[in-house]
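Spelled out from the first residue to the last, the chains are:
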Amino acid sequence: MRKTFRGGVHPAYHKELSREQALRPFEAKGEMVYPLAHHIGKPAKPVVKKNDPVLVGQRIAEADGYVSANIFSACSGKVKAVEKRRTLSGTMQECVVIDNDGQYAKAEGFGTREDVSGLTNQQIVDRVRDAGIIGLGGAGFPTHVKLSPKAPDDIKYVIANGAECEPYLTCNDQLMRTQADAIVEGLELMLRLFKNAHGVVAIEDNKPVAIAAMTQAAQGHNRIRVLTMDTKYPQGGEKSLISAIAGKDYPARMLPADVGCIVENVGTILAIQRAVVFREPLFTHCFTLTGDAVKNPGNYMVPDGASFAELLEYSGGLKEGVTLKKALAGGPMMGIAMASLDVPIQKMNNGLTLLTDDPAETAEAQMTACLHCGRCTTVCPLGLMPQLMADAIVDKDMDRFENRLYGLECMQCGSCSYICPAKRPLTQMFKQAKAEITARKRAEAGGKK
Amino acid sequence: MQIIIVTTIVIALVGVIVGAGLVYTGNRFHVEVDEREAAVREVLPGNNCGACGFAGCDAMAAAIAKGEAPVNGCPVGGAPVARQIGEIMGTSADAAERRVAFVRCKGSCEVTHNQGNYIGINDCRAAALSGINVTECDYGCMGFGTCAQVCPQDAINVVNGVAVVNRARCVGCGLCVKACPKHLIELVPESKRVIVQCSNRDKGPMVKKVCTAGCIGCGICQKQCAFDAIHVSDNLASVNYENCVQCGRCVAKCPAKVITEPESVSD
């Protein structure tokens, strides 16, 4: 096992803003909005109607198909409507809207510790599926699908991703400090599914307290070890972790399970533990509110469906006298720029970064022609050549981009855009080129039928 | 003397052998050339726009000569070219009416707004992939002009935040139709001038929130129409061009003023 992957960048981390802030619960009072398409896969089907009463932990939408996930209410009250609402992406999506009564009355059937030693593997996966767990690291892939690979005995590593390489975000750090035992228990439950696997908790070396807490919790668990990784972006990317830990690189068409790895965010593993041991569905997750525009940066356990704006107000709002120039759902590297804060927090949103300065605007003003310095090639964690890929796109030579420069392998981590001294929007170009190629391929495949 | 005779005979023999070889290879590697292909290629406009679906005019000419493409398959040349190709190919060209591109959005900067401030590649397709919706209206024109960039005829301009087609220049190649990430552009028969200039499929109140020029799906046009030529489905009116006689009644009655005769930028 190595401590890191090839390439990568060292952005300014700014984790000191919220690092020492303990996780606090956030009890939203306003209405809660649940987009039905909150995960990768098919949107869920609502199972409640207007004016139905709901309780905390009650299922409000059910999975529609295998790659789909249940949705649970995080508040009590009654259903206001099932209608189109504006979501994080800026589009109107079908959502269940709940009028929150602020009582947080809990539904029955979860919350007490059960003895899980007798559960079969299928029962564990079923409990995970019923709890509506999706990957909390960012992509929102339904977890029960990940836990059901074709050959479970070939899995060598179950990796608990606590790298948290994204600048600004600190909620996983806090989660590992406070919930270390539960995370280890969750990892043990996952290891029961894969009898030849070892558990690895991967943490970057800028989180010494979390490393100490996890190491202590993992003592006496023979199959689990805590691995201290170098602090480098994108250390927490699935491919980077697998490259470092299993020493394997794999093409974009393969899944981690194909090279014998399962990677789950530590937040997801905690959710698995809560789901299996306490039968608790997933309706809260950890979240960092940070940035130089925020008065009180901090870490919160947020209920799904609460609004970003309400959380900001609850925390104490913006600093006096500053103007908010940029709002990001997530951190600055992988986060999505937001047009409005008045949209619901979804499961895979793990932070809100509010900045007084818009780096994109500055970068655009400084953009020049490519200098051919080759720094993008040095930092690409996949060993691609971003400079030549960008040339191919400018020449509209998609064949060269795809077949000679392997452009489709790009995972859009943004390292090349970050390092580029000419401030070229490389990642955005690759994203667009990839989308064009995939659309063309899909059209061709459709034509053949 | 003898040398001269021998030389003559040898040269004559070589000539016969080489001649026979040439005749053989000529027959063996004979390439069937369709004279019509060259003739068709002469008639085609030659700007290699690719709008016919083939890789340029040469490929199109070959396809027409083989009978794989229709004689009126060149949208740029239109009826005159189709007629000439028809003569070459010996078939009558039932020339279709010239079709022109039309942008089904009226969302100029006065009637609708952008959400936030998009900074990045100046291309609608890139903006559509950025993870956020740039315009307030989920369906409307983003105004970065990707359609104008792909247009080989320079027939599209972005005017006040929305793309407008110059009907005189448009050759109906359809490249803009494929390029628009919001699927706003359609090809309409040139003579038809009653068109719904909106693509928003949301319910009326939601449309009004984001744009003052959008179709609210009220259905007045459908009730007014005596020719069964305009229908509201999915909260959006659409014209059946075959039935429409362009009486203009729906244009006059539309409360949102969204059924309009297309304005065109001219040179």
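Residues numbered from 1 in each chain as written. Chains lettered and ligands numbered in written order. Predicted model: local features only at pLDDT ≥ 70, side-chain atom pairs only at ≥ 80, totals over all residues. Heavy atoms only, no water.

Topic: the environment of Glu62 of chain A
Residue and element names in this part refer to chain A. Here is the rule we go by: The secondary structure listing takes helices from DSSP runs of H or I that are at least 4 residues long and strands from runs of E that are at least 2 residues long, numbered from the N terminus. Each residue is assigned to one of three classes by its accessible area relative to the maximum for its type, calculated with a 1.4 Å probe on protein chains only: buried under 20%, partly exposed between the two thresholds, exposed over 50%. In what follows, residue pairs with any heavy atoms lying within 4.5 Å of each other are defined as contacts.
Mapping Glu62 onto the fold places it in strand 5 (residues 59-62). Residue classification places Glu62 among the partly exposed positions, given a relative accessible area of 26%. Sequence separation between Glu62 and Pro43 is 19 residues, and the spatial gap between their C-alpha atoms is 9.1 Å. If we skip the residues at most four places from it in the chain, Glu62 touches Ala44, Lys45, Val47, Ala69 and Asn70.

A short note on the domain arrangement of chain A
Residues and elements named next belong to chain A. Selection criterion: Residue ranges for the domains originate in an automatic or database domain assignment. Take the accessible area each of two parts loses on contact, using a 1.4 Å probe, and add the two losses: that sum is the buried area. Just to be clear on terms, a salt bridge is a Lys or Arg side-chain nitrogen sitting within 4 Å of an Asp or Glu carboxyl oxygen. In the analysis that follows, any N or O atom pair within 3.5 Å is treated as a polar contact, provided that within protein one partner can donate a hydrogen and the other can accept it, and provided that, for residues neighboring in sequence, both atoms belong to side chains. Classification convention: Asp, Glu, Lys, Arg as charged; Ala, Val, Leu, Ile, Met, Phe, Trp, Tyr, Cys, Pro as nonpolar; all other residues, Gly among them, as polar.
You can read the domains of chain A as domain 1 (15-20 + 117-277) and domain 2 (363-448). Centre-to-centre, using C-alpha coordinates, domain 1 lies 30 Å away from domain 2. Domain 1 puts seven residues into the contact, and the matching count from domain 2 is seven residues. Of the roughly 490 Å² buried between domain 1 and domain 2 on both sides combined, carbon and sulfur atoms contribute 59%. On the domain 1 side of the contact with domain 2, Tyr233, Pro234 and Lys239 bury the most area, a combined 67% of that side's loss. Applying the counting rule to domain 1 against domain 2 returns one salt bridge. Notably, a salt bridge pairs Glu409 with Lys239, separated by 3.9 Å at the nearest N-O pair. The interface formed by domain 1 and domain 2 includes two residue pairs in polar contact (both at pLDDT 80 or more). Of the residues assigned to the side of domain 1 that touches domain 2, the class counts are five nonpolar, one polar and one charged.

A short note on the sheet that holds strand 4 (residues 53-54) of chain A
Residue and element names in this part refer to chain A. Put simply, the test is: By the convention used here, strands pair only if DSSP detects at least 2 bridges between them.
Taken in spatial order, the four strands of this open sheet run 2-8-7-4, and their pairing is antiparallel. The two strands at the open ends of the sheet, each matched to only one other strand, are strand 2 (32-35) and strand 4. When strand 4 meets strand 7 (residues 77-86), the two strands line up antiparallel, connected through two bridges. Following the sheet pairing, Val54 is matched in strand 7 by Gly77.

Focus: the nonpolar core
Residue and element names in this part refer to chain A. The following threshold applies: Working definition of a nonpolar core: buried Ala, Val, Leu, Ile, Met, Phe, Trp, Tyr and Cys residues. They are joined through side-chain atoms within 4.5 Å.
Counting residues in each nonpolar core, the largest one holds 49 residues, and the members touching the most others are Ile133, Leu147, Val158, Phe194, Val201, Met214 and Val276. Mapped by element, the contributors of at least two residues to this core are helix 1 (121-130), strand 9 (157-162), helix 3 (171-178), helix 4 (180-193), strand 10 (198-204), helix 5 (208-217), strand 11 (224-229) and helix 7 (266-277). Not counting residues up to four positions away in its chain, the partners in contact with Val201 are Ala160, Leu187, Met214, Ile224, Arg225, Val226 and Leu227. If you look at the next biggest cluster of nonpolar residues, it comprises 41 residues, including Tyr34, Val56, Ile60 and Tyr300.

Considerations on the side chain of Lys207 of chain A
Secondary-structure assignment places Lys207 of chain A in the loop between strand 10 and helix 5. Here the side chain of Lys207 of chain A touches Ala163 of chain A through a polar contact of 2.8 Å, landing on its backbone oxygen.

A closer look at the sheet that holds strand 12 (residues 261-265) of chain A
Residue and element names in this part refer to chain A. Quick note on the threshold: Only the stretch in contact is used when a helix axis is fitted, and all axes are lines through C-alpha atoms; the angle between N-to-C directions ranges over 0 to 180 degrees.
The strand order across the open sheet formed by four strands is 11-10-9-12, and the pairing between neighbours is parallel. Edge positions in the open sheet fall to strand 11 and strand 12, since each of these has one partner strand only. Looking at each pair of strands side by side, their axes are set apart by 25° on average, direction ignored. Pairing of strand 9 with strand 12, which is carried by five bridges, proceeds in the parallel orientation. Residue pairing for strand 12: Asn161 is matched across the bridge by Asn265.

Notes on helix 8 (residues 308-315) of chain A
Residue and element names in this part refer to chain A. When helix 8 is considered as a whole, its buried residues turn out to be Phe308, Glu310, Leu311, Leu312 and Ser315. In this structure, the buried residues of helix 8 make contact with strand 13 (284-290), strand 14 (298-303), strand 15 (326-329) and strand 17 (351-355). Its side-chain oxygen placed 3.1 Å from the backbone nitrogen of Ala309, Ser307 serves as the N-cap of helix 8.

Focus: the pattern of salt bridges
Tallied over the full model, the rule gives 31 salt bridges over all chains. Here Glu264 of chain A makes a salt bridge to Lys146 of chain A, at a shortest N to O gap of 3.7 Å. Placement of the pair is Glu264 of chain A in strand 12 and Lys146 of chain A in helix 2 (residues 143-146), with a sequence separation of 118 residues. Overall, Glu264 of chain A belongs to the buried group, its relative accessible area being 1%. Accessibility expressed as a relative area gives 22% for Lys146 of chain A, which makes it partly exposed. The closest approach of N and O atoms between Glu436 of chain A and Arg125 of chain B, which form a salt bridge, is 3.9 Å. Of the two residues, Glu436 of chain A is situated in helix 14 (residues 426-448) and Arg125 of chain B in helix 5 (residues 124-128); the pairing between them involves two chains. Taking the relative accessible area as the measure of exposure, Glu436 of chain A reaches 30% and is therefore partly exposed. With relative accessibility at 24%, the residue Arg125 of chain B sits in the partly exposed group.

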